[in-house]
Amino acid sequence: MPDQPPADLWSLCDLQTPWCIHTAATLRLAHHMDAGLSHVKEIAAAAQCDPYVLDCLLGYLVSRGVFEQTGPGRYVLNEAAKGLLDPGMLIGLDLDGFGGRMAHAWGTMLSYVRTGRPAYHQLFGRGFWEDLEANPPIAAQFDALIGPQGHGTPNPHFDITGGWDSIRTVVDLGGGTGAMLAELLRVHPHIHGTLLDQPGTVARASEILQSAGVAGRATLCGQSFFDPLPPGADIYLLRGILNDWPDAETVAILTRAAEAARPNGRVVILKSVSPDTGTRTVTIEMVLLAGKHRTLEEFKELAQQAGLEVSSAGPQSAYYVVECRPA
């Protein structure tokens, strides 16, 4: 293993910079400057905050390479600060919205590491999914963040055993607002698809499906994937879903998929399973939900419990693709 330079623990422990950036995003400071304001008193009035503290905040961010100071109390955008104008970036940073949920959730890390269970409810009074259900605007921001606005257009180019020519129907389980299904239907025009997610989420899918020109080949299904699924499809797709769930819930999801896929369908997993080598890392979905990104061998054990057998697995395009068939 090559030598690594020693880590600077104080730099790694810095909380000042990220919280200042989150605050700048929440106050829309970049937007006010983009609108022509430059003096801190003008910006403070527009952002409804204290001008002295704002001057200190902007001065600090200038020292970190975000914003530029042109004179006493005067600030303008630089290239780094222009990133705060990006709508997807803003969703992830806004402390008044879903970005605040993610930022504050990291404060539960100690409890999560000690117990293996998320402590989200300790901050927000209810579990993550229950919190989204109780706060529709936050749920809409979550959908936007995991959709094209936050993560760009999904890559639909991955192969399956035997190719796509024989595939006629795909059910995208937990497919959000339909970006991945839209791309699959666009590149495979002979396929019909079903988007399955919570009712409020699939209700926001129409624009994406219509923009891709595939709305006529897509069915919206607003339900939980813990309930019985529409049966008889050729493929049940789980893209970036199982890594959001602990083992028991993962087995439950896979069991529903296996039931629906019998006798001739298959279950395809993307973005939740990796080869059996590599270094683990902690992710936000772990802190929020106690999810797991599993190795292939770990996944095989859960698939077996759910009545599935792994028929193929391997890297291709941007994914590690795992195919399962009902046992």
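Above this note sits the structure.
For clarity, every value in this text was computed on a predicted model and none was experimentally measured.

Asks: Talk me through the side chain of Arg217; I want residue IDs and the actual numbers.
Replies: By the secondary structure assignment, Arg217 is in the loop between helix 16 (206-211) and strand 5 (218-222). No salt bridge forms around the buried Arg217; measuring N to O, its nearest opposite-charge neighbour Glu183 is 10 Å away. From its side chain, Arg217 meets the backbone oxygen of Ile191 in a polar contact 2.6 Å long. Discounting residues that sit within four places of it in the chain, Arg217 has contacts with Leu185, Arg186, His188, Pro189, His190, Ile191, His192 and Gly193.

Asks: Report on the packing of helix 2 (residues 16-26) against helix 5 (residues 51-63), specifying residues and quantitative values.
Replies: In the contact formed by helix 2 and helix 5, the axes pass within 10 Å of each other and the chain directions differ by 120 degrees. When the interaxial angle is binned, helix 2 and helix 5 end up oblique. In the crossing of helix 2 with helix 5, the sense of the turn from one axis to the other is left-handed. In this structure, helix 2 contributes Gln16, Thr17, Cys20, Ile21, Thr23 and Ala24 to the contact, and helix 5 contributes Leu57, Tyr60 and Leu61. Residues belonging to the contact of helix 2 with helix 5 are distributed by class as follows: six nonpolar, three polar and no charged.

Asks: With reference to specific residues and values, describe the pairing of strand 7 (residues 266-270).
Replies: Every other side chain in a regular strand lies on the same face of the sheet, so the side chains alternate between the two faces. Strand 7 sits mainly inside the fold: five of its five residues count as buried. Of the two faces of strand 7, both are covered, the one formed by Arg266, Val268 and Leu270 as well as the one formed by Val267 and Ile269. By the bridge criterion, five bridges tie strand 6 (residues 235-239) to strand 7 in an arrangement that is parallel. Paired with Tyr236 across the strands is Val267, a residue of strand 7. For the handedness criterion, the β-α-β arrangement of strand 6, helix 17 (residues 247-261) and strand 7 is classed as right-handed. Pairing analysis gives three bridges linking strand 7 to strand 11 (residues 319-326), with the strands arranged antiparallel. Of the residues in strand 11, the one forming a bridge with Val267 is Cys324.

Asks: Run through the pattern of salt bridges, naming residues and quoting values.
Replies: The tally for this structure, following the rule as stated, stands at 12 salt bridges. One salt bridge connects Arg28 with Asp94, and the closest N-O pair in it is separated by 3.0 Å. Here Asp94 lies in the loop between helix 7 (87-93) and helix 8 (98-105) and Arg28 lies in the loop between helix 2 and helix 3 (29-34), a separation of 66 residues in the sequence. The exposure class assigned to Asp94 is buried, which follows from its relative accessible area of 10%. Measuring nitrogen to oxygen at the nearest pair gives 3.0 Å for the salt bridge that ties Arg294 to Asp247. Here the residue Arg294 occupies a position in strand 9 (residues 294-295), and Asp247 occupies one in helix 17, the gap between them amounting to 47 residues. Given a relative accessible area of 30%, Asp247 falls into the partly exposed group. A single salt-bridge network, built from bridges that share partners, covers Arg101, Arg126 and Asp131.

Asks: Give a description of the sheet that holds strand 7 that names residues and reports values.
Replies: An order of 5-4-3-6-7-11-10 is seen for the seven strands of this open sheet, with the pairing classed as mixed. Looking at the sheet topology across the chains shown, the edges are occupied by strand 5 and strand 10 (308-316). Across the sheet, the mean angle from the axis of one strand to that of its neighbour is 20 degrees, orientation sign disregarded. Seen against the sheet, helix 14 (residues 179-187) touches strand 3 (169-173), strand 4 (192-197), strand 5, strand 6, strand 7 and strand 11 and runs at an angle of roughly 175 degrees to strand 4.

Asks: I'd like to hear about the nonpolar core, residue by residue, with values.
Replies: Counting residues in each nonpolar core, the largest one holds 31 residues, and the members touching the most others are Leu173, Leu238, Val267, Ile269 and Phe299. Those elements giving two or more residues to this core turn out to be strand 3, strand 6, helix 17, strand 7, helix 19 (296-305) and strand 11. With seven residues, helix 17 is the single largest residue contributor to this core.

Asks: Tell me what's going on with the environment of Gly127, and back it up with residues and numbers.
Replies: With respect to the helices and strands, the residue Gly127 is situated in the loop between helix 10 (120-124) and helix 11 (128-134). Expressed as a C-alpha distance, the spacing of Gly127 and Leu288, which sit 161 residues apart in the sequence, is 8.6 Å. Once you skip the residues sitting within four places of it in the chain, Gly127 turns out to touch Tyr120 and His121.

Basis of the calculations
- Residue numbers run consecutively from 1 along every chain, following the written order of its sequence.
- A pLDDT threshold of at least 70 governs which residues receive local features in this predicted model, and a stricter bar of 80 or more applies before side-chain atom pairs are shown or counted, although totals over entire chains, interfaces and linings include all residues.
- With hydrogens and water excluded, all non-hydrogen atoms of the structure serve as input to the side-chain values.
- The helix count covers DSSP runs of H or I at least four residues long, the strand count covers runs of E at least two residues long, and both are numbered beginning at the N terminus.
- Only protein chains enter the accessibility calculation, which uses a 1.4 Å probe; a residue is then buried when its area is under 20% of its type maximum, exposed when over 50%, and partly exposed in between.
- A positive count includes Lys and Arg, and a negative count includes Asp and Glu. His and the chain ends are not counted in either.
- The term salt bridge refers to a side-chain nitrogen of Lys or Arg lying within 4 Å of a carboxyl oxygen of Asp or Glu.
- Distance and chemistry together define a polar contact, namely a pair of N or O atoms within 3.5 Å, with one atom able to donate a hydrogen and the other to accept it when in protein, and with adjacent residues in sequence counting only for side-chain atoms on both sides.
- For this analysis, residues touch if any pair of their heavy atoms sits within 4.5 Å.
- A fitted line through C-alpha atoms serves as each axis, taken over the contacting stretch for helices, and the angle formed by two N-to-C directions is quoted from 0 to 180°.
- By the definition adopted for this analysis, an angle is roughly parallel if under 35 degrees, roughly antiparallel if over 145, roughly perpendicular if from 65 to 115, and oblique otherwise.
- By definition, any crossing whose near helix is turned counterclockwise from its far helix by less than a right angle is left-handed, and any crossing with a clockwise turn is right-handed.
- Residues are grouped as follows: nonpolar covers Ala, Val, Leu, Ile, Met, Phe, Trp, Tyr, Cys and Pro; charged covers Asp, Glu, Lys and Arg; every other residue, Gly included, is treated as polar.
- By this definition, two strands are paired if DSSP reports at least two bridges between them.
- With strands facing away from the observer, any crossover in which the path from the first strand over the helix to the second runs clockwise is taken as right-handed.
- Working definition of a nonpolar core: buried Ala, Val, Leu, Ile, Met, Phe, Trp, Tyr and Cys residues. They are joined through side-chain atoms within 4.5 Å.

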